[in-house]
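Chain and residue survey
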Amino acid sequence: MTKDVLVCISGLHQSPGENIVDADEAIELIVPGTYYHKNNKQYILYEEIGENGDITKNQMKIYDDKHVEIRKSGSLSVCMVFETGKRHPAAYQTPFGEMKFAIDTRAIEIEKKKNCIDIGIDYRLEINREPLADCRIEINISNVNREHQS
């Protein structure tokens, strides 16, 4: 992987127990980012620009094939921990106050190639231990200069 990468993230949310997912409701983000490897972890840094122009800085940390962390800081701040078979509490810090929830990760699939990383995460969002939504997030991190990929 090169230092300069393209980060593509798409996510779907559905009510718990639903079988049909409307692809038109997918959320998608494509932004430039920075990749580096340090202390047996892979880091991806990228920024999101909100509807009102606010910038949210993001740090994704890939520990291993069963553990990914996404930390957001800006007008909305949160640390989301995805770890296969585990439930992790989280809290969104917003200008209007804190919103507490939990992430119950069902599965993480990570495929690492020379020039890209593909990640799929299935998880359930919970509030007060009650299911709010079943979610899937797909992340692709790839070299910006695709001409050198093999």
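Details of the structure are given in the entry above.
Everything in this summary refers to the structure shown in the same document. All of these numbers come straight from a predicted model, not from anything done at the bench. (Residues numbered from 1 in each chain as written. Predicted model: local features only at pLDDT ≥ 70, side-chain atom pairs only at ≥ 80, totals over all residues. Heavy atoms only, no water.)

Examining the overall build of the protein chain
Counting secondary structure elements, the protein chain contains zero helices and 10 strands. Mapped from its N terminus to its C terminus, the protein chain presents α and β elements in the order β-β-β-β-β-β-β-β-β-β. Since a compact globule built from 150 residues should have a radius of gyration of about 15 Å, the 16 Å found for the protein chain is in line with a globular shape. For the protein chain, the C-alpha atoms occupy an extent of roughly 45 × 35 × 35 Å along the three principal directions. The buried share of the protein chain, reckoned over its 150 residues, is 37%. (Helix = DSSP H or I, 4+ residues; strand = E, 2+ residues; numbered from the N terminus. Rg over C-alpha atoms; globule rule 2.2 N^0.38 Å. Buried < 20%, exposed > 50% of the residue type's maximum accessible area, 1.4 Å probe, protein only.)

Concerning the pairing of strand 8 (residues 97-112)
Pairing of strand 7 (residues 87-94) with strand 8, which is carried by eight bridges, proceeds in the antiparallel orientation. In the sheet register, Y92 faces strand 8, and the bridge partner there is M99. Linking two consecutive strands that pair antiparallel, namely strand 7 and strand 8, is a turn of two residues. Here 10 bridges tie strand 8 to strand 9 (residues 116-127), and the two strands are oriented antiparallel to one another. Note on strand 9: the bridge partner recorded for E111 is D118. Counting the residues that bridge the hairpin from strand 8 to strand 9 gives three residues. (Pairing = 2+ DSSP bridges.)

So, the state of the cysteines
Counted under the stated rule, the structure contains zero disulfides. This cysteine, C8, is not joined by any disulfide, and C116 carries the nearest cysteine sulfur, 10 Å off. The thiol of C135 is unpaired, and the distance to the nearest cysteine sulfur, on C79, comes to 17 Å. (Disulfide = S-S within 2.5 Å.)

Description of unusual backbone geometry
Of note, N39 is a non-glycine position whose phi angle comes to about 50°, a positive value. The topology assignment puts N39 in the loop between strand 2 (27-38) and strand 3 (41-49). According to the relative accessible area criterion, N39 is exposed, its value standing at 57%. One non-glycine residue, N40, lies in positive phi territory at about 65°.

Concerning the pairing of strand 9
The buried fraction of strand 9 is high, at nine of 12 residues. Direction of pairing for strand 9 relative to strand 10 (residues 130-143): antiparallel, over a ladder of 12 bridges. The residue of strand 10 that forms the bridge with I127 is E130. The hairpin formed by strand 9 and strand 10 contains two residues between the paired strands, and N128 there has a positive phi angle of roughly 55°.

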